[in-house]
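Observations on the model geometry
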Amino acid sequence: MSAFNNRPEFPEAPVSPCVSICALDGDDICVGCFRTGREISYWGLLPVEERREVLVRCQQRMAGEPAPCMVTKEQS
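My aim in this report is to walk through the structure given alongside it, one point at a time.

What counts and what doesn't
Residues numbered from 1 in each chain as written. Predicted model: local features only at pLDDT ≥ 70, side-chain atom pairs only at ≥ 80, totals over all residues. Heavy atoms only, no water. Helix = DSSP H or I, 4+ residues; strand = E, 2+ residues; numbered from the N terminus. Buried < 20%, exposed > 50% of the residue type's maximum accessible area, 1.4 Å probe, protein only. Contact = heavy atoms within 4.5 Å. Areas by Shrake-Rupley, 256 points an atom, 1.4 Å probe, with all protein chains shown as cover. Core = buried A, V, L, I, M, F, W, Y, C linked by side-chain atoms within 4.5 Å. Patch = residues over 30% accessible without salt bridge, like charges linked within 9 Å, V, L, I, M, F, W, Y side chains within 5 Å. Salt bridge = Lys/Arg side-chain N within 4 Å of Asp/Glu carboxyl O. Disulfide = S-S within 2.5 Å.

**Looking at the overall build of the chain**
For the chain, the helix and strand inventory stands at three helices and zero strands. Tracing the chain from N to C terminus, the helices and strands come up as α-α-α. Buried residues in the chain amount to 30% of all 76 residues. Taking contacts inside the chain between residues at least 6 apart in sequence as the whole, the part at least 24 apart equals 40%. Only carbon and sulfur atoms are counted for the fraction: they give 57% of the accessible area of the chain, which is about 4900 Å².

Put into structure tokens, the structure is as follows:
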């Protein structure tokens, strides 16, 4: 478990799925972690619940299922 997850203000924050194979395919999906470029860019700004949803969508993409980008608006 990372130090980030041990901090009390982030009790269950998902760890980034990055596997250091950072390359976007023609559909803007990373070939390493299966996040979209936008999901990668906004990962650190997403609330815990939205990070979990991104991970669900990554699993769907890995299985070859369609899963639109989780980040649909500008994050503040």
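**Focus: the nonpolar core**
The biggest cluster of nonpolar side chains holds seven residues, and these are Tyr-42, Trp-43, Leu-46, Val-54, Cys-58, Met-70 and Val-71. Each residue touching Val-71, except ones within four places of it in the same chain, is listed here: Arg-38, Glu-39, Tyr-42 and Leu-46.

**What about a nonpolar patch on the surface?**
Taken together, Val-19, Ile-21 and Val-31 make up a surface patch of nonpolar side chains, about 260 Å² in accessible area. Looking at the secondary structure, you find Val-19 in the loop between α1 (3-6) and α2 (37-42).

**Overview of the side chain of Thr-36**
Secondary-structure assignment places Thr-36 in the loop between α1 and α2. Beyond its immediate sequence surroundings of up to four residues, Thr-36 is in contact with Asp-28, Ile-29, Arg-61 and Cys-69.

**Here we look at the state of the cysteines**
Put plainly, a disulfide is one covalent bond tying together the sulfur atoms of two cysteines. According to the stated counting rule, one finds zero disulfides in the structure shown. Looking at Cys-22, it has no disulfide partner, and the nearest cysteine sulfur is the one in Cys-18, 4.1 Å off. Taking the relative accessible area as the measure of exposure, Cys-22 reaches 65% and is therefore exposed.

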